[in-house]
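# Geometric and topological summary
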Amino acid sequence: MRGLWNLTVIVKDDERALLTRDGKFVRVLGAGRHKLFDPFGQLSAETFKIVRGELAWDRYATIASVAPKAAGENFVPVQTKAGEVAIVSFDGQPTHLMAPWQTRAFWKGVNKIEVERIDVKASLRIEKAHLARLDLTRANPMITQAIVESHETALVFVDGACVEEVKAGRHAFWNVDRTVKVQKLDLRPQALEITAQEILTKDRVSVRVTLPAFWRVADPLKAVAGSTDIAQTLYKVTQFAIREAVAARTLDDILAARDRLDAELRESVAKRTSDLGVTVAELPLDIPPHG
């Protein structure tokens, strides 16, 4: 409130006010009623909520340069460096995760403010103690996380290079000044149905072949590098192997040597898929009775 000779400023318990004279910082006003002599109307006050509150860094930096004591009494400044993040907590509750090269200034006076700095250059994996303090329910570009199930494994890639294979559990990594990706793979046996196809035998008999293939990932890194779609690649390779095996035999040979043909198919497919990082457990050939 402005009177004839005075400026009266009322500051609540959860507030502070910045007092300026002709735009220049004077001091911080604490809670209470302040009656200030101001015959020429030079004073002005801007009020701020300070419960978990912060001041724009430019304003703080200005105050710190002209009144360092006032800045130290009223603010907790946080500046992060390259390769460093900071967890800012209010009254023991983690509230802010600051990225490298960030600046923020938090008001003192109501909350107890704690700052924990973490050197993310030295550690790719987020420690369990820090995991417990971070809100991982929300997407955060600084964090790459994955939950690997008991039937899975996962490969961790940093800037495109595989650096680690992780087993079942919860995993989180600092995605700061690097690009971290986690690719999970299912280790359980997979079934692939090779649909019926008409193939001519050596003696020019048309047979209809169906084959269920059972395969699983044996080498995760090869599986990721070898093909973008393992099942589709395996499907095509197996189709080719079937045609090759059937076309080289008469129908009588096929029917008389089913077990040997199955073994030959497995060997042929295994050779053609050796770079895929998978093993083929079964290839039971199914040829319906001709006639």
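Above this text is the structure in question.
Figured I'd write up the structure that's included with this text.

Reading guide: rules and limits
- Residues numbered from 1 in each chain as written.
- Predicted model: local features only at pLDDT ≥ 70, side-chain atom pairs only at ≥ 80, totals over all residues.
- Heavy atoms only, no water.
- Helix = DSSP H or I, 4+ residues; strand = E, 2+ residues; numbered from the N terminus.
- Rg over C-alpha atoms; globule rule 2.2 N^0.38 Å.
- Buried < 20%, exposed > 50% of the residue type's maximum accessible area, 1.4 Å probe, protein only.
- Contact = heavy atoms within 4.5 Å.
- Lys, Arg positive; Asp, Glu negative; His and termini not counted.
- Charge placed at Lys NZ, Arg CZ, Asp CG, Glu CD.
- Pairing = 2+ DSSP bridges.
- Core = buried A, V, L, I, M, F, W, Y, C linked by side-chain atoms within 4.5 Å.
- Patch = residues over 30% accessible without salt bridge, like charges linked within 9 Å, V, L, I, M, F, W, Y side chains within 5 Å.
- Areas by Shrake-Rupley, 256 points an atom, 1.4 Å probe, with all protein chains shown as cover.
- Salt bridge = Lys/Arg side-chain N within 4 Å of Asp/Glu carboxyl O.
- Expected span 1.5 Å × (residues − 1).
- Polar contact = N/O pair within 3.5 Å; in protein donor to acceptor, adjacent residues only side chain to side chain.
- Phe/Tyr/Trp six-rings, centres within 6.5 Å; stacked < 30°, edge-to-face > 60°.
- Arc of directions from axis to C-beta.
- Axes fitted to C-alpha atoms, helices over the stretch in contact; angles between N-to-C directions.

## Let's talk about the overall build of the protein chain
- Looking only at helices and strands, the protein chain features seven helices and 19 strands.
- Here the protein chain has a C-alpha radius of gyration of 35 Å; the compact-globule value for 291 residues is 19 Å, and the former is much larger.
- Dimensions along the principal axes, computed over C-alpha positions, put the protein chain at roughly 115 × 35 × 25 Å.
- Looking at the protein chain residue by residue over its 291 residues, the buried ones come to 41%.
- Once local pairs closer than 6 in sequence are excluded, the contacts in the protein chain between residues at least 24 apart make up 64%.
- Within the protein chain, the 38 negative side-chain charges are centred at a point lying 8 Å from the centre of the 41 positive side-chain charges.

## Quick look at the pairing of strand E2 (residues 15–21)
- In terms of burial, E2 is a largely internal element, six of the seven residues being buried.
- Alignment of E2 against strand E5 (residues 43–49), held across seven bridges, turns out to be antiparallel. Paired with Leu-19 across the two strands is Ala-45, which belongs to E5.
- Where E2 and strand E3 (residues 24–29) come together, five bridges link them in antiparallel fashion. Its bridge partner lying in E3, Leu-19 is registered against Arg-27.
- Turn length for the E2-E3 hairpin, with the two strands adjacent in sequence and antiparallel, is two residues, and the turn residue Asp-22 shows positive phi of about 50 degrees.

## Points about the nonpolar core
- Grouped together as the largest cluster of nonpolar side chains are 30 residues, with contacts concentrated most on Leu-192, Val-207, Trp-215, Ile-242 and Val-246.
- Elements supplying a minimum of two residues to this core: strand E13 (152–158), strand E17 (190–200), strand E18 (206–217), helix H5 (230–247), helix H6 (251–256), helix H7 (258–272) and strand E19 (278–282).
- Those residues in contact with Trp-215, other than ones at most four positions away along the chain, are Arg-188, Pro-189, Gln-190, Leu-192, Ile-230, Ala-231, Leu-234, Val-278, Thr-279, Val-280 and Ala-281.

## What to know about a nonpolar patch on the surface
- Taken together, Leu-4, Trp-5 and Phe-37 make up a surface patch of nonpolar side chains, about 430 Å² in accessible area.
- Position of Phe-37 relative to the elements: it lies in strand E4 (residues 32–37).
- Given a relative accessible area of 58%, Phe-37 falls into the exposed group.

## Description of the pattern of salt bridges
- Across all of its chains, the model carries 17 salt bridges by this definition.
- Ionic pairing is found between Glu-164 and Arg-125, a salt bridge with its closest N-O pair at 2.9 Å. With Glu-164 in strand E14 (residues 161–166) and Arg-125 in the loop between strand E11 (113–119) and helix H3 (128–131), this residue pair connects regions lying 39 residues apart in the sequence.
- Looking at Arg-125, the relative accessible area reads 31%, which means it is partly exposed.

## A closer look at H5
- Under the 1.5 Å per step criterion, the end-to-end length of H5 is 26 Å for 18 residues, consistent within 8% with the ideal 26 Å.
- Taken together, the buried positions of H5 are Ile-230, Leu-234, Tyr-235, Val-237, Thr-238, Ala-241, Ile-242, Ala-245 and Val-246.
- Structurally, the start of H5 carries an N-cap: the backbone nitrogen of Ala-231 is 3.3 Å from a side-chain oxygen of Asp-229.

## Focus on the packing of aromatic side chains
- For the coordinates displayed, the defined rule picks out five aromatic pairs.
- Ring centres of Tyr-60 and Phe-75 lie 5.7 Å apart, and the angle between their planes is 75 degrees; on these two criteria the pair is classed as edge-to-face. With Tyr-60 in helix H1 (residues 57–66) and Phe-75 in strand E7 (residues 75–79), this pair connects stretches of sequence that are 15 residues apart. For the pair Tyr-60 and Phe-75, a shared accessibility class is recorded, and that class is buried.
- Between Phe-90 and Phe-106, the ring centres sit 5.6 Å apart and the planes meet at 80 degrees, which makes this aromatic pair edge-to-face.

## A few points about H1
- Trp-57, Tyr-60 and Ile-63 are the residues of H1 that are buried. Buried residues along H1 cover an arc of 125 degrees about the axis, so they all sit on one side. Exposed residues on H1 whose side chains face more than 90 degrees from its buried face are Asp-58, Ser-65 and Val-66.
- For H1, the secondary structure elements touched by its buried residues are E2, E3, strand E6 (54–55), helix H2 (68–74), E7 and strand E10 (103–107).

## Quick look at unusual backbone geometry
- One non-glycine residue, Asp-159, adopts positive backbone phi at about 50 degrees.
- Within the element layout of this structure, Asp-159 appears in the loop between E13 and E14.

## Description of the sheet that holds E7
- Read from one edge of the open sheet, three strands run E6-E10-E7, paired in antiparallel fashion. With partners counted over all chains shown, the strands left at the sheet margins are E6 and E7, one partner each.
- Two strands pair when backbone bridges link them, and E7 and E10 are joined in this way by five bridges, in the antiparallel orientation. Paired with Val-78 across the strands is Arg-104, a residue of E10.
- Sheet strands in contact with H1 are E6, E7 and E10, and its direction is about 115 degrees off that of E7.

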